[in-house]
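Given next are the chains, with one letter for each unit.
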Amino acid sequence: MPAARSLWSRLHLRERIRDRDTAVYGVLLIVALVWPMATIFATGDTFLTSQAAHAGTWVLLAVGLNVVVGFAGLLDLGYAAFFAIGAYSYALFASFQLASSPLHHAYHLPFWLMLFVGMFVAAAFGAILGFPTLRLRGDYLAIVTLGFGEIVPQLFLNLDQWTGGINAIGSIDQPSLPAWITGPWAGANDIAIVRDFNFSFDPVAYYVLIVILIIGAVILVNNLHRSRLGRAWMAIREDEVAAAAMGINTVTTKLLAFAIGASFSGFAGAYYGASFGLVSPDSFLFVVSVTVLVMVVLGGMGNIAGVIIGAIAIYFLLNSVLSSLPANLQSLSNAIGLGWLNNSNGAWPGLSELAQRLQFLLYGLILVLMMLLRPQGIFPSRIREQELKHAVATEEETVVEQAHAS
Amino acid sequence: MSEAPADRDSILELTELTKRFGGLLAVDSVSLQIKRGEVFALIGPNGAGKTTLFNSVTGMFRPTSGRVVFDGRVITGSKPHEVARLGIARTFQNIRLFDFMTAVDNVKVGRHVRMKAKVWDSLFKLPRERHEEERVTEEAMELLRFVGIARFANHYARNLPYGQQRRLEIARALATEPKLLLLDEPAAGFTPQEKVELMELVRKILTRGITVFLIEHDMKLVMGISERIVVLDHGEKIAEGPPEEVRKDRRVIEAYLGKSA
Amino acid sequence: MSVGDFGFFVICLTAIVLLAAQAVVHPSEFAQILVFGLADGAIYALVALGYTMVYGIIELINFAHGDVFTLGAYVAAAVMGFFAGTSEDTFSVSNLVALLVTFPAAMLLMGAVNITIERVAYRPLRNAPRLAPLITAIGMSFLLEGIMFVWSGPFTVHVPDLLPHGPGFNTTIGGVFIEFKDVFVVVAAAILVSLLAVFINRSKLGKAMRATAQDRDASQLMGININRTIAATFFIGALLAGAGGVIWGLYFNAITYNLGFRTGLVAFTSAVFGGIGNIPGAALGGMVIGLTAAFSDAYIGSKWTQVVIFGILIGVLVFRPTGLLGMRVPEK
């Protein structure tokens, strides 16, 4: 009964795939829930929760870029440009900035609206940029997006009449809600419901918001992944010529990936503008695009859960391990009696300064090593790993079938 | 694409089709007509321009001149995806599967052009989309069974044995619901046994009302299944007719075996 | 001529007409900018050659190339500091000796660095998916910048002014101030590019490089050692970039660790503009982009130059992806 057998193994395989995904998402969700409680309980303040909320911005970016790079296989080296567009869209229309512009009138549009405006503006720019360039070969797209990524922050810098240029846009409006739960973590005595809540009162609110946004984004991207469109993207990634021969309009399909990816970036940008409260042209440089790309690649392109973990890992590496390196080295050298290393002397800049300077070098080194050692990422796409196990199973199956036949 | 006055019997009609690469005439003013429901073969030595002709029909290349009429429509210069939508599907000489997708997903990609789900349907997994997905999975499995590789459904395309990859490519092409199926050397590298099985498969495909247009090197196979044959040499059509006639044609023998034979 | 080509030529023509108008209205100002532009362009050309050669042979955008250029300038600063006595002399024999040592030292060292990068970071990934070597190249770029950052911190490094300068080594022709170093930059670049052209066209290795760029597999079958040929490409590209770095240092007398990122992108734009993979194209593209940057600095404002350059990059790829002189990639 080979037919029944293979059907069984097929169902079984599906269950396994679903199980593993569910498990990873489940663990991530539990960690997300426990994190603020645990850290606030342990440290007594909300610093680590704010950090996690900030890391969430990067997760959102990585999930979005994964659509472009992981699903559709398009090289985007200017992803930060769309992030900037989203952030500036919000910052301009939710601060006093435009009062000092030629408009002489400040706008304070609600965050909840601008979240989606930022998304659509970024998507529109993605479409405008993608339309003429997506017909080009893969490398050329990388170069065009790189150029775009260099132009956009420069424009925000140069158009200082509107954007404040190098002075950045500060005191950006924070989101507000009609009601919210407050508690000891926000300085209140008891857990209670407050009315007319403003996010500036409570950093935990940003954390809750970004977790909800990420959950929403992951559900939507997952839906896309297992759909007609998601398959078309993968087909283009695997073999564009064959995809076209199967009736897929490669240009519009790629354009959709590009615009959807850009919309995530714009969305994340609006959130970033609100949560950080400051939007400056130098927050959107090439290194941002590269970092998001590295998160996607490290997580195993196309694998959404992996990309989330990759994003968190890289964020942790950059913002915790590397940035605390100078201080850690300094205290270490003091502790082991080499305190003199900390003083600068002639050409020796001092240990802490040296460590400060080393960060960039180490980041480069990590990128190179990562690509050389695991070019497919730490968590290769789910199925790629699956196939290895499955190949063995099939062999056995074939043997059984042959035995039946003879 | 305009309506063209056409012979209702013919599904594909090439008129003086020419494709030139720089100084090289890859296809030189070839005219031919393929009738509905027949197996039509294109043969010729290596470099005769057979695959170029396929590419010119399916929109991979824009013909330098000439006309392609498919099912009563002029499709000269149409894009590949438009051609596929109209009902021409193809396989490739060097198998071009989506390597890192499962066999069943490969076939489902073939179904893409007949599916209706829009971005919003997929984003929010609307019931309509879900039903379509279920139906398409069923249809894809059905096609895998049809070509006899159902048990590989959840394997990566690139992990399939060579012969099954060729079959998968055919299943994927069939998923687009073609009226005309172009097979580019479907039996290349096959054992005699596999060739026999392939001939059976081609006959099964015919019973679905699909016309088959194939390029093949194996003369025995070609003579066995095709009703009519066109022979290309250096881009030119040198013979046309039923297998037994073509086999005796002096120019064909020369083209294949050289002048000495 | 396609619509894209037409757009490309219309834009080029408009730019030329506007510049010609400037040339007629303010001839001496125009000529002065021209001198700056030619000197800049000569350096961009040297760097662009490395990008174009590497892309031509392994289709990799070698992001680290711009930083190899900067590293060349850093090495030059160190070597010059060691050899030159009093750098501010207008002309001295010891300065000349320092120069004669610096050029080969920086060039050869950069060649060695680039070969090492290729061997360690790119060769293992030659058959990996596109993204892997690209990220490695970016990582290498960060790594090199990181090394220079550790070396000098965020500060500007002074490169001694060893070229003959001061009274007697400049002249004013028709209101245009020309220094010895302006001439030196252009002549030095011209000599290097000519040597490269002769090498590529005449030598056995040069022919092997062209053959490998055309078709790697076929070249291998013809007995060409692919690894050696690719290594040679990186070596020669780095020789030029190293020389470019030294020349940049001598011309501007100031360098920073991150100079290579911007300069590299501009040089890469030059390579794309000339038709990537096309060696004369890269040289020409460098000159055109250098002039464009100079004119943009003068007539539009220097803060817009970057926007102009990358606008050109995008425009060229959209309208005419084969660049000014076209690619060597044959139709397949």
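Residues numbered from 1 in each chain as written. Chains lettered and ligands numbered in written order. Predicted model: local features only at pLDDT ≥ 70, side-chain atom pairs only at ≥ 80, totals over all residues. Heavy atoms only, no water.

### What about the overall build of chain A?
Link 1 in the chain: A count of helical and extended segments in chain A gives 15 helices and two strands.
Link 2 in the chain: Relative to its 406 residues, chain A shows a buried fraction of 53%.
Link 3 in the chain: For chain A, long-range pairs separated by at least 24 residues make up 71% of all intrachain contacts whose partners lie at least 6 apart in sequence.
Link 4 in the chain: Carbon together with sulfur atoms contributes 68% to the accessible area of chain A, which is approximately 17,500 Å² in total. (Helix = DSSP H or I, 4+ residues; strand = E, 2+ residues; numbered from the N terminus. Buried < 20%, exposed > 50% of the residue type's maximum accessible area, 1.4 Å probe, protein only. Contact = heavy atoms within 4.5 Å. Areas by Shrake-Rupley, 256 points an atom, 1.4 Å probe, with all protein chains shown as cover.)

### Some thoughts on the packing of helix α3 (residues 65–83) of chain C against helix α10 (residues 259–274) of chain C
All names here are of chain C.
Link 1 in the chain: Contact geometry of α3 with α10 gives a least axis separation of 7 Å together with a crossing angle of 125°. By the angle between their directions, the pair α3 and α10 is classed as oblique. The handedness of the crossing between α3 and α10 is right-handed. Between α3 and α10, the residues in contact are Gly66, Asp67, Phe69 and Thr70 and Leu259, Gly260, Phe261, Thr263 and Gly264, respectively.
Link 2 in the chain: Across the contact of α3 with α10, the residue classes tally to three nonpolar, five polar and one charged. (Axes fitted to C-alpha atoms, helices over the stretch in contact; angles between N-to-C directions. Parallel < 35°, antiparallel > 145°, perpendicular 65-115°, else oblique. Left-handed = near helix turned anticlockwise from the far one by under 90°. Nonpolar A, V, L, I, M, F, W, Y, C, P; charged D, E, K, R; others polar.)

### Notes on the interface of chain C and chain A
Link 1 in the chain: Tallying the contact residues gives 46 residues for chain C and 42 residues for chain A.
Link 2 in the chain: Both faces combined, the contact of chain C with chain A buries some 3,900 Å², and carbon together with sulfur accounts for 79% of it.
Link 3 in the chain: Three residues stand out in chain C for area buried against chain A, namely Leu131, Ile135 and Phe142 of chain C, and they jointly supply 17% of the buried area on that side.
Link 4 in the chain: Linking chain C with chain A are one salt bridge, by the criterion used here.
Link 5 in the chain: Here Glu150 of chain A ties to Arg262 of chain C by a salt bridge, and the two come within 2.5 Å at their closest N and O atoms.
Link 6 in the chain: Our count for the contact surface shared by chain C and chain A stands at five residue pairs in polar contact (both at pLDDT 80 or more).
Link 7 in the chain: Counting only elements with at least two residues in the side of chain C that touches chain A, the list comes to α4 (93–122), α5 (131–152), α10 and α12 (302–319) of chain C. (Buried area = accessible area lost by both parts, 1.4 Å probe. Salt bridge = Lys/Arg side-chain N within 4 Å of Asp/Glu carboxyl O. Polar contact = N/O pair within 3.5 Å; in protein donor to acceptor, adjacent residues only side chain to side chain.)

### A short note on the sheet that holds strand β9 (residues 228–233) of chain B
Residues and elements named next belong to chain B.
Link 1 in the chain: One open sheet accounts for six strands, arranged β6-β7-β8-β3-β9-β10; its pairing is mixed. Strand pairing shows two members of the sheet lacking a second neighbour, β6 (88–90) and β10 (236–241), which therefore form its edges. With direction set aside, neighbouring strand axes in the sheet form an average angle of 20°.
Link 2 in the chain: Looking at chain direction, strand β3 (residues 39–43) and strand β8 (residues 211–215) are connected through four bridges and run parallel. Residue pairing in the sheet places Leu42 in a bridge with Ile215 of β8.
Link 3 in the chain: Sitting on the sheet, helix α6 (residues 162–175) touches β6 and β7 (180–184), and the angle it makes with β7 is about 160°.
Link 4 in the chain: Here helix α7 (residues 192–207) sits on the sheet in contact with β3, β7 and β8, set at roughly 150° to β8. (Pairing = 2+ DSSP bridges.)

### Considerations on the interface of chain A and chain B
Link 1 in the chain: Between chain A and chain B, the residue contacts involve 37 residues of the former and 42 residues of the latter.
Link 2 in the chain: Both sides together, the interface formed by chain A and chain B hides about 3,600 Å², and carbon and sulfur atoms give 61% of it.
Link 3 in the chain: Linking chain A to chain B there are two salt bridges.
Link 4 in the chain: With a shortest N-O distance of 3.1 Å, Arg231 of chain A and Glu133 of chain B are connected by a salt bridge.
Link 5 in the chain: Linking chain A with chain B are ten residue pairs in polar contact (both at pLDDT 80 or more), by the criterion used here.

### Things to note about the packing of aromatic side chains
Link 1 in the chain: A complete count under the given rule lists 40 aromatic pairs over all chains for this structure.
Link 2 in the chain: Its end group placed over the ring of Phe92 of chain B, Arg96 of chain B keeps NZ or CZ at 5.5 Å from the ring centre.
Link 3 in the chain: Between the NZ or CZ atom of Lys181 of chain C and the centre of the ring of Tyr251 of chain C, over which it lies, the distance is 5.3 Å. (Phe/Tyr/Trp six-rings, centres within 6.5 Å; stacked < 30°, edge-to-face > 60°. Lys NZ or Arg CZ within 6 Å of the ring centre and 35° of its normal.)

### Digging into α6 of chain B
Since there are 3.6 residues in each turn of an α-helix, residues three or four apart along the chain are aligned in direction.
Residue and element names in this part refer to chain B.
Link 1 in the chain: The terminal C-alpha atoms of α6, which comprises 14 residues, lie 20 Å apart, in line with the 20 Å expected from a rise of 1.5 Å per residue.
Link 2 in the chain: Summarising burial for α6: 13 of the 14 residues are buried, a large majority.
Link 3 in the chain: Looking one or two residues past α6, Glu177 carries a phi angle of roughly 55°, positive in sign. (Expected span 1.5 Å × (residues − 1).)

### Overview of the domain arrangement of chain B
Residues and elements named next belong to chain B.
Link 1 in the chain: Per the domain assignment, the segments of chain B are domain 1 (1–87 + 209–261) and domain 2 (93–177).
Link 2 in the chain: Taken together, the five residues of domain 1 in the interface contact four residues of domain 2.
Link 3 in the chain: Across the domain 1-domain 2 interface, the total number found is zero salt bridges.
Link 4 in the chain: The interface formed by domain 1 and domain 2 contains three residue pairs in polar contact (both at pLDDT 80 or more).
Link 5 in the chain: Taken together, the residues of the side of domain 1 that touches domain 2 break down into two nonpolar, two polar and one charged. (Domains from an automatic or database assignment.)

### Examining the side chain of Arg320 of chain C
All names here are of chain C.
Link 1 in the chain: For Arg320, the location among the structural elements is in the segment after α12.
Link 2 in the chain: Look at Arg320 and you get buried, because its relative accessible area is 13%.
Link 3 in the chain: Here the side chain of Arg320 touches Gly323 through a polar contact of 2.7 Å, landing on its backbone oxygen.
Link 4 in the chain: Residues contacting Arg320, with those up to four places away along its chain left out, are Asp5, Phe8, Phe9 and Gly315.

### Topic: empty space enclosed by the protein
Residues and elements named next belong to chain C.
Link 1 in the chain: Tallying each qualifying case throughout the model produces five cavities of 30 Å³ or more.
Link 2 in the chain: Approximately 60 Å³ is the volume found for the second largest cavity.
Link 3 in the chain: Here the lining of the second largest cavity takes five residues from α10, the largest share from any one element.
Link 4 in the chain: Broken down by class, the residue content of the lining of the second largest cavity amounts to seven nonpolar, three polar and one charged. (1 Å grid on protein atoms, 1.4 Å probe; cavity = no way out; pocket = protein on both sides within 12 Å on 5 of 7 lines; lining within 4 Å. Points joined across faces, edges and corners; volume = space filled by probe spheres on them.)

### Focus: helix α7 (residues 204–214) of chain C
Residues and elements named next belong to chain C.
Link 1 in the chain: Every buried residue of α7 is accounted for by Gly206, Ala208, Met209 and Thr212. Down the axis of α7, the buried side of the element spans an arc of 160°, and every buried residue falls inside it.
Link 2 in the chain: Buried-residue contacts for α7 involve α2 (27–58), α6 (180–202), α8 (216–221) and α9 (226–252). (Arc of directions from axis to C-beta.)

### Points about the confidence of the model for chain A
All names here are of chain A.
Link 1 in the chain: Summary statistics for chain A give a mean pLDDT of 85 and a share of 88% for residues scoring 70 or more.
Link 2 in the chain: Ranking the elements of chain A by mean pLDDT puts helix α15 (residues 382–405) last with 45 and helix α3 (residues 79–93) first with 96.
Link 3 in the chain: Contacts of residues 384–406 to residues separated by more than four positions or lying in other chains number 25 contacts, the stretch itself having pLDDT below 50. (pLDDT = per-residue confidence, 0-100.)

### What about the packing of helix α2 (residues 47–71) of chain A against helix α11 (residues 286–298) of chain A?
Residues and elements named next belong to chain A.
Link 1 in the chain: Relative orientation of the contacting elements α2 and α11 amounts to 75°, with a least axis distance of 9 Å. Classified by the interaxial angle, the pair formed by α2 and α11 is roughly perpendicular. Between α2, through Trp58, Leu61, Ala62, Leu65, Asn66 and Val69, and α11, the contact on the second element is made entirely by Val288, Thr291, Val292, Leu293, Met295 and Val296.
Link 2 in the chain: Broken down by class, the residue content of the contact of α2 with α11 amounts to ten nonpolar, two polar and no charged.

### Things to note about the pairing of β8 of chain B
Residues and elements named next belong to chain B.
Link 1 in the chain: With five of five residues buried, β8 is to be regarded as a mostly interior element.
Link 2 in the chain: Strand direction decides the pairing type here: β7 and β8, joined by five bridges, are parallel. Counterpart to Leu182 in the pairing with β8 is Phe213.
Link 3 in the chain: For the segment spanning β7, α7 and β8, crossover handedness is right-handed. (Right-handed = clockwise from strand over helix to strand, strands pointing away.)

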